[in-house]
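# Chain and residue survey
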Amino acid sequence: MRSLDDIAEEYDFLEGDERYRLLIELGRELDDMPDALKTDATLVRGCSASVWVYPTEGADTLHFLADSNAAITKGIVALVIAAVQDKPASEVAAMDVTAALDPFDLKNQLSSNRTQGVPNMIALVKEHAARIAAA
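Please read these numbers as outputs of a predicted model, since none were measured by experiment. (Residues numbered from 1 in each chain as written. Predicted model: local features only at pLDDT ≥ 70, side-chain atom pairs only at ≥ 80, totals over all residues. Heavy atoms only, no water.)

## Some remarks on the side chain of S68
- Its place among the elements puts S68 in strand β2 (residues 63-68).
- Classification of S68 as buried rests on a relative accessible area of 9%.
- At a separation of 2.9 Å, a polar atom in the side chain of S68 contacts the main-chain carbonyl oxygen of S50.
- Here the side chain of S68 touches A70 through a polar contact of 3.2 Å, landing on its backbone nitrogen.
- Those residues in contact with S68, other than ones at most four positions away along the chain, are A49, S50, V51, W52, T73 and K74. (Helix = DSSP H or I, 4+ residues; strand = E, 2+ residues; numbered from the N terminus. Buried < 20%, exposed > 50% of the residue type's maximum accessible area, 1.4 Å probe, protein only. Polar contact = N/O pair within 3.5 Å; in protein donor to acceptor, adjacent residues only side chain to side chain. Contact = heavy atoms within 4.5 Å.)

Laid out in structure tokens, this is it:
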């Protein structure tokens, strides 16, 4: 997965439909999430599309599998995951993920129903990070 900084740099050069295409491409780059993990327990509440996020256990870093049934939403999930993927749990627990996503200006680039679940995705990731960091 590309770093969030690399994605932001590319995103900054694009406009309109090209940004949508980049989000769709990012969604395709996510690690495959087995269907068996797409359960009510991994479903992110509050999203207009179905979104699943599953934390995998790593030694010192967080790693997430994620998927969505909507291409652009899957790209938004990929942005959230790119912000935290393979980072130490303590770093993610203290991180302002919303601020890390600010360069993408998602609220002004996408419709509100596409971004309404983003805070819930961030909360899920941060809760998992805090739980691991405290252990």
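## Quick look at helix α8 (residues 118-134)
- With 17 residues, α8 should reach 24 Å at 1.5 Å per residue; the first-to-last C-alpha distance of 24 Å fits that figure.
- All of the buried residues in α8 are V118, M121, I122, V125, H128 and A129. Looking down the long axis of α8, one finds its buried residues gathered within 130° of arc, a one-sided arrangement. Turned more than 90 degrees away from the buried face of α8 sit P119, E127, R131 and A134, all of them exposed. (Expected span 1.5 Å × (residues − 1). Arc of directions from axis to C-beta.)

## Some words on unusual backbone geometry
- Here the phi dihedral of D86 falls at roughly 60°; this positive angle occurs in a residue that is not glycine.
- Among the structural elements, D86 can be located in the loop between α3 (71-84) and α4 (89-94).
- For D86, a relative accessible area of 43% gives the class partly exposed.
- Here D105, not a glycine, exhibits a phi torsion of approximately 45°, which is positive.

## Let's talk about helix α1 (residues 4-13)
- When α1 is considered as a whole, its buried residues turn out to be L4, I7, A8 and Y11. Mapping the buried residues of α1 onto a view down its axis gives an arc of 100°, with all of them on the same face. Exposed side chains of α1 directed beyond 90 degrees from the buried face belong to D5, E9 and F13.

## A short note on the nonpolar core
- Counting residues in hydrophobic clusters, the biggest one holds 39 residues, and the most contacted among them are L79, V84, L101, F104 and M121.
- Contributing elements (two or more residues each) for this core: α1, α2 (16-29), β1 (51-56), β2, α3, α4, α5 (97-101) and α8.
- Ranked by residue count, the leading element in this core is α3, at 10 residues. (Core = buried A, V, L, I, M, F, W, Y, C linked by side-chain atoms within 4.5 Å.)

## Notes on the pairing of β2
- β2 sits mainly inside the fold: 5 of its 6 residues count as buried.
- As defined by bridge partners, β1 adjoins β2 across 6 bridges and the pair is classed as antiparallel. Note on β2: the bridge partner recorded for W52 is D67. (Pairing = 2+ DSSP bridges.)

Read these as geometric descriptors, not functional statements.
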